[in-house]
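# Architecture and fold: a report
Listed below, chain by chain, are the residues.
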Amino acid sequence: MQTFLRGRRVGFWLSEKKMKKLNFLAFADMCRRRGIELVQLDLGRPLEDQGPLDAIIHKLTDLMLESGHNQGLQRVQDYIDAHPETIVLDPLPAIRTLLDRSRSYQLVHHIEQHMKDERICSPPFMLLEEPCGPHTLEQINTHGLTFPFICKTRVAHGTNSHEMAIIFSAEGLSAVRPPCVCQSFINHNAVLHKVFVIGDTHTVVQRPSLKNFPSGPTEREAIFFNSHNVSKPESSSDLTSRENVEGVSEPPSEDVIGALCRALRELLGVSLFGIDVIINNQTGQHAIIDINAFPGYEGVPEFFSELLNHITSVLQAPPPKAPPPSPPETIAPPTSSLATIAPPPSPPPTVARANQQEEVEPVKRLGCSPALSPSFQHTHTHTHSHTHSHTHTHTHTPTIPPNFQQHCVASIATKASSQ
């Protein structure tokens, strides 16, 4: 039975391009039938004049990455500061974290450490901020990276964020253009699993991906590619060839995906995000290789219905205890789409409201552990993360220990104080 909420007002701000892509105005009609007024926010004037707002839905990433002070973004922050009871989907500090690939990979490492599930691994990575020099190879070895590895922009948003390179040997380091994040390449039989999360539900969509490459240094020249083009549903090229498929070829485990989604929601307080997952063809382990804030949700058949159910759910949820006041945050976007992002604080779990912040501990070295691996199927899975999928066999559901976030916050604070 659908819930009717009388007199609730939800403000939203999306770019014109995203509004058209999602046909978001049609969503306003669905909200109206459930008693929710969806209000398109005008960032050219104070939000106080457009309230009151029970919740705000947004994708402000473009504004966050603009150089200099953005008045519209500041108006949103001013309203959130003045109305801590307003639910924000998703919190601005969390979005800043997801905009920084280095920081989001640190989060994945935290999750892997605390889930202690052999079916999950986080690929080794390192942040490269200076041009490659005589000590770069030593840094690569120290961080546990192996050839080949992928170079990605540190900023995980915008057209440039899809421009990547595969480096096959020390000779190829001259092709690296810092600042960037280097991440070990894991052979995954040219299959990418895109996980689209809406609250406590998620949809898994299979896409093409990079083919397998020989492990270790080779004389191959660096390959430059656009990840968006490679992973389009209809993509077909030599880079996505499945002619050399070997080892494990299987869909992701539903309970592992569900546990990863829950962990990210609890640690960051986010509910509208996407994760890119690959399956290691040697171990069967699940590896998160990217996280995206408010993705396009292509391939999610009931996006509006699930979004509306999620909004209804958070509007009905009892408000959390008010967090202690925190000092105002300075918005420090990069000078360009390839520049680094000032390390942003990240908010705590569950229904995220204003002024919830925490730091993320930099991680120097990551690794993957061996795991068992079953058989292969091609699937398009749409599930609720708290239910079982009929297409997979379940063993156990990894859970986050009750003190997971407290431990992260403590270690983060210790690390931050030493820097």
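The structure under discussion appears in the preceding block.
Attention in this report is confined to the structure presented alongside it. (Residues numbered from 1 in each chain as written. Predicted model: local features only at pLDDT ≥ 70, side-chain atom pairs only at ≥ 80, totals over all residues. Heavy atoms only, no water.)

Helices and strands together make up the secondary structure of the chain, namely 11 helices and 15 strands. Burial analysis of the chain (419 residues in total) assigns 58% to the buried set. In the chain, the proportion of contacts linking residues at least 24 apart, taken out of those at least 6 apart, comes to 78%. Counting every atom, the chain has about 18,700 Å² of accessible surface; 53% of that belongs to carbon and sulfur. (Helix = DSSP H or I, 4+ residues; strand = E, 2+ residues; numbered from the N terminus. Buried < 20%, exposed > 50% of the residue type's maximum accessible area, 1.4 Å probe, protein only. Contact = heavy atoms within 4.5 Å. Areas by Shrake-Rupley, 256 points an atom, 1.4 Å probe, with all protein chains shown as cover.)

This part takes up the packing of helix 2 (residues 24–33) against helix 10 (residues 303–316). Contact geometry for helix 2 and helix 10: axes closest at 10 Å, N-to-C directions at 50°. In terms of orientation, helix 2 and helix 10 fall into the oblique class. You can see that helix 2 and helix 10 cross each other, and the crossing is right-handed. Contact residues: Phe24, Ala26, Phe27, Met30 and Cys31 in helix 2; Phe304, Ser305, Leu307, Leu308 and Ile311 in helix 10. (Axes fitted to C-alpha atoms, helices over the stretch in contact; angles between N-to-C directions. Parallel < 35°, antiparallel > 145°, perpendicular 65-115°, else oblique. Left-handed = near helix turned anticlockwise from the far one by under 90°.)

Judged by how many residues are buried, strand 13 (residues 272–279) sits mostly within the fold: 8 of 8 residues are covered. Neither face of strand 13 is exposed, since Leu272, Gly274, Asp276 and Ile278 on one face and Phe273, Ile275, Val277 and Ile279 on the opposite face are all buried. Two elements, strand 10 (residues 191–198) and strand 13, share 6 bridges in a ladder whose sense is antiparallel. Bridging from a neighbouring strand, phenylalanine 196 pairs with glycine 274 of strand 13. Inspection of the sheet shows strand 13 paired to strand 14 (residues 286–293) by 7 bridges, in the antiparallel sense. Bridging from a neighbouring strand, isoleucine 279 pairs with histidine 286 of strand 14. Where strand 13 folds back on strand 14, the antiparallel hairpin that results is connected by 6 residues, among which glycine 284 adopts a positive phi of roughly 80°. (Pairing = 2+ DSSP bridges.)

A regular strand places its side chains on the two faces of the sheet in alternate fashion. Most of strand 14 sits inside the fold, with 7 of its 8 residues counted as buried. Judged from the 2 bridges that link them, strand 5 (residues 120–121) and strand 14 form a sheet pairing that is parallel. Directly across from cysteine 121, in strand 14, lies its bridge partner alanine 287.

Looking now at the side chain of glutamine 77. One can find glutamine 77 in helix 4 (residues 71–82). With a relative accessible area of 13%, glutamine 77 lands in the buried category. With sequence-adjacent residues up to four places away left out, glutamine 77 is seen in contact with Leu92 and Arg96.

Bringing the sheet that holds strand 6 (residues 125–128) into the picture now. Strand pairing in a sheet takes place through backbone hydrogen bonds and is either antiparallel or parallel in direction. Strand order across the open sheet formed by 5 strands is 6-9-7-8-12, with antiparallel pairing between neighbours. Single-partner strands in this sheet number two, and they are strand 6 and strand 12 (223–226). Within this sheet the neighbouring strands show an average axis-to-axis angle of 25°, counted without direction.

Here we take up the nonpolar core. Counting residues in each nonpolar core, the largest one holds 45 residues, and the members touching the most others are Leu43, Leu47, Leu60, Val195, Ile275 and Ile291. Mapped onto this core, the elements with two or more residues apiece are helix 3 (61–64), helix 4, helix 5 (92–98), helix 6 (101–115), strand 10, helix 9 (254–268), strand 13 and strand 14. It is helix 9 that contributes the most residues to this core, 9 residues altogether. Once residues within four sequence positions are removed from consideration, isoleucine 275 is found in contact with His193, Lys194, Val195, Cys261, Leu264, Ile288, Asp290 and Ile291. Phe12, Leu89, Val300 and Phe304 belong to the second-largest nonpolar core, a separate cluster that totals 30 residues. (Core = buried A, V, L, I, M, F, W, Y, C linked by side-chain atoms within 4.5 Å.)

It is worth spelling out a negative patch on the surface at this point. Among the surface-exposed residues, Glu48, Asp49, Asp78 and Asp81 lie close enough to one another that they form a single negatively charged patch. Relative to the helices and strands, aspartate 49 resides in the loop between strand 2 (36–40) and strand 3 (55–58). A relative accessible area of 54% places aspartate 49 in the exposed class. (Patch = residues over 30% accessible without salt bridge, like charges linked within 9 Å, V, L, I, M, F, W, Y side chains within 5 Å. Salt bridge = Lys/Arg side-chain N within 4 Å of Asp/Glu carboxyl O. Lys, Arg positive; Asp, Glu negative; His and termini not counted. Charge placed at Lys NZ, Arg CZ, Asp CG, Glu CD.)

Looking at where isoleucine 288 falls in the secondary structure, it is placed in strand 14. The exposure class assigned to isoleucine 288 is buried, which follows from its relative accessible area of 6%. In the structure, isoleucine 288 is positioned 10 residues away from isoleucine 278 in sequence and 6.7 Å away in space, judged by C-alpha atoms. In this structure, isoleucine 288 is in contact with Val108, Cys121, Pro123, Gln183, Leu260, Ile275, Asp276 and Val277, ignoring residues within four places of it in sequence.

The next thing to look at is the pattern of salt bridges. If you walk through the whole model with that rule in mind, you get 12 salt bridges. Across the pair aspartate 117 and arginine 119 runs a salt bridge, and its minimum N-O distance is 3.0 Å. With relative accessibility at 7%, the residue aspartate 117 sits in the buried group. Through salt bridges with shared partners, one network takes in Asp100, Glu129 and Arg154.

The next point concerns unusual backbone geometry. Residues glycine 51 and proline 52 are joined by a peptide bond in cis, for which omega reads 0°. In this fold, proline 52 is placed in the loop between strand 2 and strand 3. The phi dihedral of asparagine 189 is positive, around 55°, even though this residue is not glycine. Turning to its location among the elements, asparagine 189 is positioned in the loop between strand 9 (180–184) and strand 10. Although it is not a glycine, alanine 190 adopts a positive phi angle of roughly 60°. With respect to the secondary-structure elements, alanine 190 resides in the loop between strand 9 and strand 10. Here alanine 190 falls in the buried class, since its relative accessible area comes to 3%.

Before going further, it helps to spend a moment on helix 9. A turn of α-helix holds 3.6 residues, and therefore any two residues three or four places apart point the same way. For helix 9, built from 15 residues, the straight-helix expectation of 21 Å at 1.5 Å per residue is met to within 8% by its first-to-last C-alpha distance of 21 Å. Counted residue by residue, helix 9 has 14 buried out of 15 residues, so it is predominantly covered. Immediately downstream of helix 9, the backbone of glycine 269 shows phi near 80°, a positive value. (Expected span 1.5 Å × (residues − 1).)

Shape is all these values report; function is a separate question.
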